[in-house]
Amino acid sequence: MKFFVDTADTDAIRELAETGLVDGVTTNPSLINKSGRDIIEVTREICEIVDGPVSAEVVATTHDEMMREAEVLRKIADNIAIKVPLTIDGLKTCKKLTGDGTMVNVTLCFTANQALLAGKAGASFISPFVGRHDDIGYDGMNLISEIRMIYDNYDFPTEILVASIRHPIHVLESAKIGADVATMPPEVILKLFNHPLTKSGLDAFLADWEKTGQTIG
Ligand code: E4P
């Protein structure tokens, strides 16, 4: 499963990229706002840090305007994936852009039927939002299972990019279902490394090693 970082914080992206575990980045208008930076400038910097797909979202709501914004965004770098909302205009834009060879991430997906539409529109990625589903009392992970089954039934190449991830269990369940990508805030990626027994075990090994008086090499 690929790991994307869900942030426009370039310091955090740089730090995580050093682990070698970052396969891409997702941004959205809220994350750009949180960064306090110009969308073009910050997105260009992200594309210089990470080789994999970097999602940059259009904010227009009509097909023609989405295409105009996509032209601006895709000039930033070769690894840009244009993010469009799951609307009629968004999917028209998706079809056109993927036909031209541009990666497209269809966002704000909340039903398996919407994911089916995005697959038919040739999306490179579909972004089902699990956390926001959980927030209103639905099982976000059930949506991922349904999309996996439908895409497998018809051999859709669209990658399932699990979004709105809030905690490590979302990541674990996504991997068990066979989602292609999990996009996570930096703090969730860092939580994946942690276990108290790893820490206490390492502390004990190092304390015993100290007593041997040895060094390696
Ligand atoms: C990423 O592509 C999404 O925009 C993001 O994961 C949404 O997360 P949120 O529900 O925490 O805002």
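Everything below is about the structure shown above.
Attention in this report is confined to the structure presented alongside it. (Residues numbered from 1 in each chain as written. Predicted model: local features only at pLDDT ≥ 70, side-chain atom pairs only at ≥ 80, totals over all residues. Heavy atoms only, no water.)

1. Re the side chain of Thr26
Its place among the elements puts Thr26 in strand S2 (residues 24-26). Overall, the relative accessible area of 1% leaves Thr26 in the buried class. Separated by 2.7 Å, the side chains of Thr26 and Asp6 make a polar contact. Polar contacts involving the side chain of Thr26 include one to the side chain of Thr183, which spans 2.5 Å. For Thr26, the contacting residues outside a window of four places in its chain are Phe4, Val5, Asp6, Thr7, Leu31, Ser55, Lys83, Asn105, Leu161 and Thr183. (Helix = DSSP H or I, 4+ residues; strand = E, 2+ residues; numbered from the N terminus. Buried < 20%, exposed > 50% of the residue type's maximum accessible area, 1.4 Å probe, protein only. Polar contact = N/O pair within 3.5 Å; in protein donor to acceptor, adjacent residues only side chain to side chain. Contact = heavy atoms within 4.5 Å.)

2. Section: the environment of Tyr138
Along the chain, the position of Tyr138 falls in the loop between helix H7 (130-135) and helix H8 (140-153). Sequence separation between Tyr138 and Thr212 is 74 residues, and the spatial gap between their C-alpha atoms is 55 Å.

3. A few points about the environment of Glu57
Among the structural elements, Glu57 can be located in strand S3 (residues 54-57). On the basis of relative accessibility, which here comes to 12%, the residue Glu57 falls in the buried class. Once the C-alpha coordinates of Glu57 and Ala70 are considered, the two residues, 13 residues apart in sequence, prove to be 8.4 Å apart. The contacts of Glu57, once residues within four sequence positions are left out, are Thr27, Asn28, Pro29, Ile39, Leu73, Lys83 and Thr107.

4. As for the site of the ligand
Close contacts around the ligand come from Asp6, Thr26, Asn28, Lys83, Phe129, Arg132, Ala163, Ser164 and Arg166, and that covers them all. Ser164 has a polar side-chain atom sitting 2.7 Å from an oxygen atom of the ligand. Within the side chain of Arg166, a nitrogen or oxygen atom sits 3.1 Å from an oxygen atom of the ligand. Protein contacts shield 84% of the accessible area of the ligand, which totals 350 Å² for the unbound molecule. Spatially, the ligand is embedded in the largest pocket. A breakdown of the residues in the shell around the ligand according to their chemical character gives two nonpolar, three polar and four charged. (Near = heavy atom within 4 Å. Areas by Shrake-Rupley, 256 points an atom, 1.4 Å probe, with all protein chains shown as cover. 1 Å grid on protein atoms, 1.4 Å probe; cavity = no way out; pocket = protein on both sides within 12 Å on 5 of 7 lines; lining within 4 Å. Sits in = over half its atoms within 2 Å of the grid points. Nonpolar A, V, L, I, M, F, W, Y, C, P; charged D, E, K, R; others polar.)

5. Focus on the environment of Phe4
Mapped onto the elements of the fold, Phe4 is located in strand S1 (residues 2-6). Sequence separation between Phe4 and Ile177 is 173 residues, and the spatial gap between their C-alpha atoms is 17 Å. In contact with Phe4, not counting residues within four places along its chain, are Asp23, Gly24, Val25, Thr26, Pro53, Phe125, Leu161, Val181, Ala182, Thr183, Met184 and Ile189.

6. Things to note about H8
Compared with an ideal rise of 1.5 Å per residue, which puts 14 residues at 20 Å, H8 spans 21 Å between its outermost C-alpha atoms and is within 8% of the ideal. Taken together, the buried positions of H8 are Gly140, Met141, Leu143, Ile144, Ile147, Arg148, Ile150 and Tyr151. Buried positions along H8 lie against strand S5 (103-109), helix H6 (112-120), strand S6 (125-128), H7, strand S7 (159-162) and helix H9 (168-177). Where H8 terminates, the next one or two residues include Asp155, which has phi positive at roughly 55°. (Expected span 1.5 Å × (residues − 1).)

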